Amino acid sequence: MASTADIRNGVVLNMDGQLWAVVEFQHVKPGKGGAFVRTKMKNVVSGKTVDRTFNAGAKIETENVDRRDFQYLYNDGDAYVFMDVADYDQITVSAAVVGDASNFMLENQAVTVALHNGNPLYVELPASVTLEITYTEPGLQGDRSTGGTKPATVETGYQIQVPLFLEQGTKVKVDTRTGDYLGRVNE
């Protein structure tokens, strides 16, 4: 058992039999009444986000979540195979746990996998990844008043919006949290 003073970003709490990761927290001390801790938490399994308030000094149950570096190896039907870079053990993670991260994962890419009692909870990617455009329509110049965008398919099969001047075969940087185009990568 821990108290609300131990709440930090990234701490995982066990509430009502479910695991919740603290996304944001704020210790509030109003002029009248007792202090409290306002938190924004994300359900580790479902991804649902809720706001929760705890009285200062209240007892909370924290869980030990092990975040380890893995390397994505390959897709095996409806599961993904990762290798622990420390001891070369392989684990299989279901597509439901990987979620939207599969849109940005290339083979041999480094990722972070959070484990609780040996069970994978979620897969964390770097903030941005470099992907190659495999298909896009040619951009037409002169038919707009401002900079326009067009759909482009990247090498993972995911579709993003890119500026009209980009062509097939161009490497681009993509934000893994939002799926937005961040810029070209010159090699």
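Note that the structure is a prediction, hence the values are computed from the model and not measured.

Each value, and the rule that gives it
- Residues numbered from 1 in each chain as written.
- Predicted model: local features only at pLDDT ≥ 70, side-chain atom pairs only at ≥ 80, totals over all residues.
- Heavy atoms only, no water.
- UniProt positions renumbered as here; feature names shortened; annotations may be inferred.
- Helix = DSSP H or I, 4+ residues; strand = E, 2+ residues; numbered from the N terminus.
- Pairing = 2+ DSSP bridges.
- Axes fitted to C-alpha atoms, helices over the stretch in contact; angles between N-to-C directions.
- Domains from an automatic or database assignment.
- Contact = heavy atoms within 4.5 Å.
- Buried area = accessible area lost by both parts, 1.4 Å probe.
- Salt bridge = Lys/Arg side-chain N within 4 Å of Asp/Glu carboxyl O.
- Polar contact = N/O pair within 3.5 Å; in protein donor to acceptor, adjacent residues only side chain to side chain.
- Nonpolar A, V, L, I, M, F, W, Y, C, P; charged D, E, K, R; others polar.
- Phe/Tyr/Trp six-rings, centres within 6.5 Å; stacked < 30°, edge-to-face > 60°.
- Buried < 20%, exposed > 50% of the residue type's maximum accessible area, 1.4 Å probe, protein only.

Describing the UniProt feature "domain: Translation elongation factor P/YeiP central" (unreviewed entry) in the protein
- Per the UniProt record, "domain: Translation elongation factor P/YeiP central" (unreviewed entry) is annotated on residues 67-121.
- Between the end C-alpha atoms of residues 67-121 there is a gap of 10 Å, over a span that is 7% helix and 56% strand.

Focus: the sheet that holds strand β17 (residues 181-184)
- Here we have five strands laid out as an open sheet, ordered β15-β14-β13-β16-β17, and antiparallel in their pairing. Two strands bound the open sheet, and with one partner strand each, they are β15 (159-163) and β17. Each adjacent strand pair in this sheet contributes to an overall mean axis angle of 50°, direction not counted.
- With five bridges joining them, strand β14 (residues 149-154) and β15 adopt antiparallel strand pairing.

Observations concerning the pairing of strand β3 (residues 18-28)
- With four bridges connecting them, strand β2 (residues 12-15) and β3 associate as antiparallel partners. Bridging from a neighbouring strand, Val 12 pairs with Ala 21 of β3.
- As consecutive antiparallel partners, β2 and β3 are separated by two residues, and within that stretch Asp 16 has a phi angle of approximately 55°, a positive value.
- The pairing of β3 with strand β4 (residues 36-43) spans eight bridges and is classified as antiparallel. Across the sheet, Gln 26 pairs through a bridge with Arg 38, a residue of β4.

Notes on the domain arrangement of the protein
- Domain annotation for the protein reports domain 1 (2-61), domain 2 (64-122) and domain 3 (126-182).
- Each of domain 1 and domain 2 was reduced to a C-alpha centroid, and the two centroids are 27 Å apart.
- The interface of domain 1 with domain 2 comprises four residues on the first partner and five residues on the second.
- Ranking the residues of domain 1 by area buried against domain 2 places Val 12, Leu 19 and Val 44 at the top, with a combined share of 77%.
- Joining domain 1 to domain 2, the criterion identifies zero salt bridges.
- Here domain 1 is connected to domain 2 by zero residue pairs in polar contact (both at pLDDT 80 or more).
- Within the side of domain 1 that touches domain 2, the residues separate by chemical class into three nonpolar, one polar and no charged.

Considerations on the pairing of β17
- Of the pairings in the sheet, the one linking strand β16 (residues 171-175) to β17 comprises three bridges and is antiparallel in character. Bridge pairing in β17 links Val 172 to Arg 184.

A look at the sheet that holds β4
- Ordered by their spatial adjacency, five strands build an open sheet running β5-β4-β3-β2-β7, and the pairing between neighbours is antiparallel. Edge strands, defined here as strands with exactly one partner in the open sheet, are β5 (49-55) and β7 (62-63).

Overview of the packing of aromatic side chains
- For the structure on display, the rule yields three aromatic pairs.
- The interplanar angle of 50° and the centroid separation of 5.9 Å between the aromatic rings of Tyr 72 and Tyr 80 together place this pair among those described as tilted.
- Ring centres of Tyr 72 and Phe 82 lie 5.5 Å apart, and the angle between their planes is 50°; on these two criteria the pair is classed as tilted. Taken together, the residues span a long stretch of sequence, with Tyr 72 in strand β8 (residues 66-76) and Phe 82 in strand β9 (residues 79-84) at a distance of ten residues. For the pair shown, Tyr 72 and Phe 82 are each scored as buried.

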